[in-house]
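# Structural overview
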Amino acid sequence: MESAKIELLLEKYFEGETSIAEERELKTYFSSPNVAQHLRQYQSLFDYFEITKQETTKHELPLQTKSNKGLWFSIAASVVVMLSVGTFTYFNYNTAPKEDLGSFDSPEEAFIATQKALAMLSENVNVGVKSVQYINEYEVAKAKVFVCE
């Protein structure tokens with residue numbers, strides 16, 4: 001009867017469903033000399049738990065203090081970057097060459113410049129139209145080959 005109860009407790013123990021009192025009962029049983037022969041394989045497991053519970057370490061871990069050097073370096077780097085960007089912007093903002101924005105003194109010059117711009121636009125649009133014509137030819141050919149009726 002005792003062996004059957006211990007087997008049930010072991011099954012619950014390995015499923016993780018035992019209470020603390022049941023675990024104490026298992027430890028008590030396996031620490032006693034009268035353990036059933038077929039349950040002796042679990043005796044070393046519970047002996048190990050008792051041995052490790054008594055172990056202590058004498059190795060002291062050194063305490064590591066946090067260093068704020070990384071924080072100060074990152075703050076200093078940020079200040080240097082901000083000063084560099086500010087200096088660059090200050091010295092290069094007003095010295096940029098003035099670009100001709102397309103203002104003309106006479107209407108004839110403006111008319112000629114507008115015609116050049118529209119001719120360039122027309123050429124680029126025509127290239128796109130030619131590509132669309134190839135697609136239309138493909139669609140016609142596809143409709144002839146794959147007649148869907």
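Owing to the predicted nature of the structure, the values given are computational and were not obtained by experimental measurement.

Bringing the packing of aromatic side chains into the picture now. The tally for this structure, following the rule as stated, stands at four aromatic pairs. Judged by centre distance (5.5 Å) and plane angle (70°), the rings of tyrosine 13 and phenylalanine 14 are edge-to-face. In this structure phenylalanine 14 comes out as partly exposed when scored by relative accessible area, which is 47%. Taking 5.2 Å as the distance between ring centres and 75° as the angle between the ring planes, the aromatic pair formed by tyrosine 90 and phenylalanine 91 counts as edge-to-face. Across the pair, phenylalanine 91 and tyrosine 90 agree in class, each one exposed. One aromatic cluster is present, built from ring pairs that chain together Tyr13, Phe14 and Tyr42.

Ile6, Leu9, Leu10, Tyr13, Leu26, Tyr29, Phe30, Val35, Ala36, Leu39 and Phe46 form the largest nonpolar core, which has 11 residues in total. With four residues, the single largest contributor to this core is helix α1 (residues 2-15). Each residue touching phenylalanine 46, except ones within four places of it in the same chain, is listed here: Leu10, Tyr13, Leu26, Lys27 and Phe30.

Each value, and the rule that gives it
Residues numbered from 1 in each chain as written. Predicted model: local features only at pLDDT ≥ 70, side-chain atom pairs only at ≥ 80, totals over all residues. Heavy atoms only, no water. Phe/Tyr/Trp six-rings, centres within 6.5 Å; stacked < 30°, edge-to-face > 60°. Buried < 20%, exposed > 50% of the residue type's maximum accessible area, 1.4 Å probe, protein only. Core = buried A, V, L, I, M, F, W, Y, C linked by side-chain atoms within 4.5 Å. Helix = DSSP H or I, 4+ residues; strand = E, 2+ residues; numbered from the N terminus. Contact = heavy atoms within 4.5 Å.

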